[in-house]
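Geometric and topological summary
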Amino acid sequence: MAEKEIKTIGVLTSGGDAPGMNAAIRAVVRRGLSKGLNVKGIYKGYAGLLNEEIVDMTAKDVSDTIERGGTILYTARCAEFRTEDGQRQGAEVCRKHGIDGLVVIGGDGSFAGAQKLANLGVNTIGVPGTIDLDIACTEYTIGFDTAVNTAMDAIDKVRDTSTSHERCSIIEVMGRRAGYLALWCGIANGAEDILIPEKYDYDEQRLINNIIDSRKKGKKHHIIVNAEGIGHSEAMAKRIEAATGIETRATILGHMQRGGSPTCKDRVYASMMGAMAVDLLLEGKSCRVVGYRHGAFVDFDINEALAMQKSVDEYQWEVCNSLSHNYKKNN
Ligand code: ADP
Ligand code: F6P
């Protein structure tokens, strides 16, 4: 719990950027100002904190940002902040700049950093920002909705050319070690096969048989959505082409999935979460993370949030497989 009245708060974005982060920053700034707080923006995540790249934020500083991808505060990965010395220095910088409360927008790694700062007496609230949807305590993370729609549009385009050339296409989507982006795209794009680290058994012969079966049934294309956590799409394409005789191409969507104007959902949910982070600080809370569960915005202790495990929904996975062209009962 926060021990003294909060007068000044800081906000930073950390780890991979995600569309909607600007909406969250804007909400922190404007909600904070509307409650009579001073708000400071910290550039480049924990790296900027250590380098004291800290500026006062006004309502105007976040004008014309809600529709913009990326993060106006920039972001970074900072190895130094993983060390105890780095964390102590970070807490010192917060004290020096009068920052009584800090909102950290990022993923699990960034939350681990926020947890360390909270242990050193800085009131911190985490806001989940990552396109990977891999934060266990929340059903929603800022950026996933935009990224999954961007990837879906790109896969539709690959599908057009794949059909024209009667090819097999492997499309690799981001997600780090998690398969949520691949799973959602696989369903939304009607992929013939979806490879995700949580489920793939690395039985490539089965995949090859699927492609051959599907061609026999008259399918003009065979779309395989492959998660980054499995990777090796180029090599897989070569092996599949050699085994099936069907021209196979790999497309790695890469960082384009992280950019672009956020969807309505990302703008609205990010705004709610940013505002809630400020409200939690004002309620005297610290070491919490904002989440979205069962239709409501909620908060959890960061320690508990980081200890939670997330897994692919079995029913979603089973349904998704049954919708594939090649599905055989009990296969
Ligand atoms: P994400 O926040 O998207 O999971 P990272 O895992 O890259 O991204 O973490 C972002 C930053 O958070 C790291 O570069 C580091 O500065 C900080 N961080 C990550 N893990 C820890 C940790 N265990 N302790 C302290 N800081 C950490
Ligand atoms: O966490 C977001 C993410 O885009 C992951 O999907 C991906 O594995 C990683 O970041 C890529 O990081 P970088 O921008 O450092 O290449």
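Residues numbered from 1 in each chain as written. Chains lettered and ligands numbered in written order. Predicted model: local features only at pLDDT ≥ 70, side-chain atom pairs only at ≥ 80, totals over all residues. Heavy atoms only, no water.

The next point concerns the site of ligand 1. Around ligand 1 sit 17 residues, and of these R77, C78, G107, G109 and S110 come closest. A distance of 3.4 Å separates an oxygen atom of ligand 1 from a polar backbone atom of D108. Summarising the interface, the protein chains cover 88% of the accessible area of ligand 1, which totals 550 Å² for the free molecule. Ranked by the residues each element gives to the shell around ligand 1, the list is headed by helix α4 (residues 108-119), at six residues. Taken together, the residues of the shell around ligand 1 break down into four nonpolar, eight polar and five charged. (Near = heavy atom within 4 Å. Polar contact = N/O pair within 3.5 Å; in protein donor to acceptor, adjacent residues only side chain to side chain. Areas by Shrake-Rupley, 256 points an atom, 1.4 Å probe, with all protein chains shown as cover. Helix = DSSP H or I, 4+ residues; strand = E, 2+ residues; numbered from the N terminus. Nonpolar A, V, L, I, M, F, W, Y, C, P; charged D, E, K, R; others polar.)

This part takes up the site of ligand 2. In the vicinity of ligand 2, the contacting residues are R77, T130, I131, D132, M174, G175, R176, E228, H255 and R258. R176 is positioned with one of its side-chain polar atoms (N or O) 3.3 Å from an oxygen atom of ligand 2. Note that an oxygen atom of ligand 2 is positioned 2.8 Å from one of the side-chain N or O atoms of E228. Burial of ligand 2 by the surrounding chains reaches 77%, relative to a free accessible area of 400 Å². Partitioning the shell around ligand 2 into residue classes produces two nonpolar, three polar and five charged. Looking at the shell around ligand 2, you find at least three residues from each of domain 1 (8-143 + 262-307) and domain 2 (147-258). (Domains from an automatic or database assignment.)

To continue, consider the domain arrangement of the protein. For the protein, the assigned domains are domain 1 (8-143 + 262-307) and domain 2 (147-258). Relative to domain 2, the C-alpha centre of domain 1 lies at a distance of 35 Å. Between domain 1 and domain 2, the contact holds ten residues from the first and eleven residues from the second. Summed over both partners, the interface of domain 1 with domain 2 comes to about 890 Å²; 53% of that surface belongs to carbon and sulfur atoms. Contact with domain 2 buries area across many residues of domain 1, yet I131, D132 and L133 alone supply 52% of it, more than any other trio. Applying the counting rule to domain 1 against domain 2 returns one salt bridge. Ionic pairing is found between R258 and D17, a salt bridge with its closest N-O pair at 2.6 Å. Seen at the junction of domain 1 and domain 2, the total is two residue pairs in polar contact (both at pLDDT 80 or more). (Contact = heavy atoms within 4.5 Å. Buried area = accessible area lost by both parts, 1.4 Å probe. Salt bridge = Lys/Arg side-chain N within 4 Å of Asp/Glu carboxyl O.)

Next up on the list: helix α5 (residues 144-164). Its 21 residues give α5 an end-to-end C-alpha distance of 30 Å, which sits within 8% of 30 Å, the value for a rise of 1.5 Å per residue. Looking at α5, one finds that the buried residues are F144, D145, T146, A147, V148, A151, A154, I155, V158 and S162. Elements in contact with the buried residues of α5: β6 (168-173), α6 (180-188), β8 (222-227), β9 (248-252) and α9 (264-282). Two residues or fewer past α5, E166 is found with a positive phi of approximately 50°. (Expected span 1.5 Å × (residues − 1). Buried < 20%, exposed > 50% of the residue type's maximum accessible area, 1.4 Å probe, protein only.)

Once that is clear, we can look at the pattern of salt bridges. Overall, the coordinates contain 16 salt bridges when judged by the stated rule. Linking E92 and R95 is a salt bridge whose minimum nitrogen-to-oxygen distance equals 3.6 Å. Residue E92 and its partner R95 are located together in helix α3 (residues 84-96), separated by three residues, close to a single helical turn. For E92, a relative accessible area of 47% corresponds to the partly exposed category. In this structure, D299 and K285 form a salt bridge, with 3.8 Å as the shortest nitrogen-oxygen distance. With D299 in strand β11 (residues 296-301) and K285 in the loop between α9 and β10 (288-293), this pair connects stretches of sequence that are 14 residues apart. Looking at K285, the relative accessible area reads 24%, which means it is partly exposed. What emerges from the salt-bridge pattern is a single network uniting E283, K285, R288 and D299.

Moving on, we come to the packing of helix α7 (residues 204-216) against helix α8 (residues 233-244). One way to put it is that α7 packs onto α8 with a least axis distance of 10 Å and a crossing angle of 55°. Of the possible angle classes, the one that applies to α7 and α8 is oblique. In the crossing of α7 with α8, the sense of the turn from one axis to the other is right-handed. Seen from α7, the contacting residues are E204, L207, I208, I211 and I212; seen from α8, they are M236, R239, I240, A243 and T244. Within the contact of α7 with α8, the residues separate by chemical class into seven nonpolar, one polar and two charged. (Axes fitted to C-alpha atoms, helices over the stretch in contact; angles between N-to-C directions. Parallel < 35°, antiparallel > 145°, perpendicular 65-115°, else oblique. Left-handed = near helix turned anticlockwise from the far one by under 90°.)

Turning to the side chain of T13, a few remarks are in order. Relative to the elements of secondary structure, T13 occurs in strand β1 (residues 8-13). Within the structure, T13 has its side chain in polar contact with the side chain of T71 (distance 2.9 Å). With sequence-adjacent residues up to four places away left out, T13 is seen in contact with M21, I25, K44, G45, T71, L73, Y74, T75, A76 and I105.

The subject of this paragraph is α9. A rise of 1.5 Å per residue sets the reference length of α9, with its 19 residues, at 27 Å; its end C-alpha atoms lie 27 Å apart and thus fit the reference within 8%. G284, located one to two residues past α9, shows a positive phi value of around 90°.

Before going further, it helps to spend a moment on unusual backbone geometry. The phi angle at Y202 is positive, at roughly 60°, despite the residue not being glycine. Mapped onto the fold, Y202 is located in the loop between β7 (193-195) and α7. A residue is classified by how much of its surface remains accessible, and Y202, at 54% relative accessible area, is exposed. Although it is not a glycine, H232 sits at a positive phi angle of roughly 55°. Its location among the elements puts H232 in the loop between β8 and α8.

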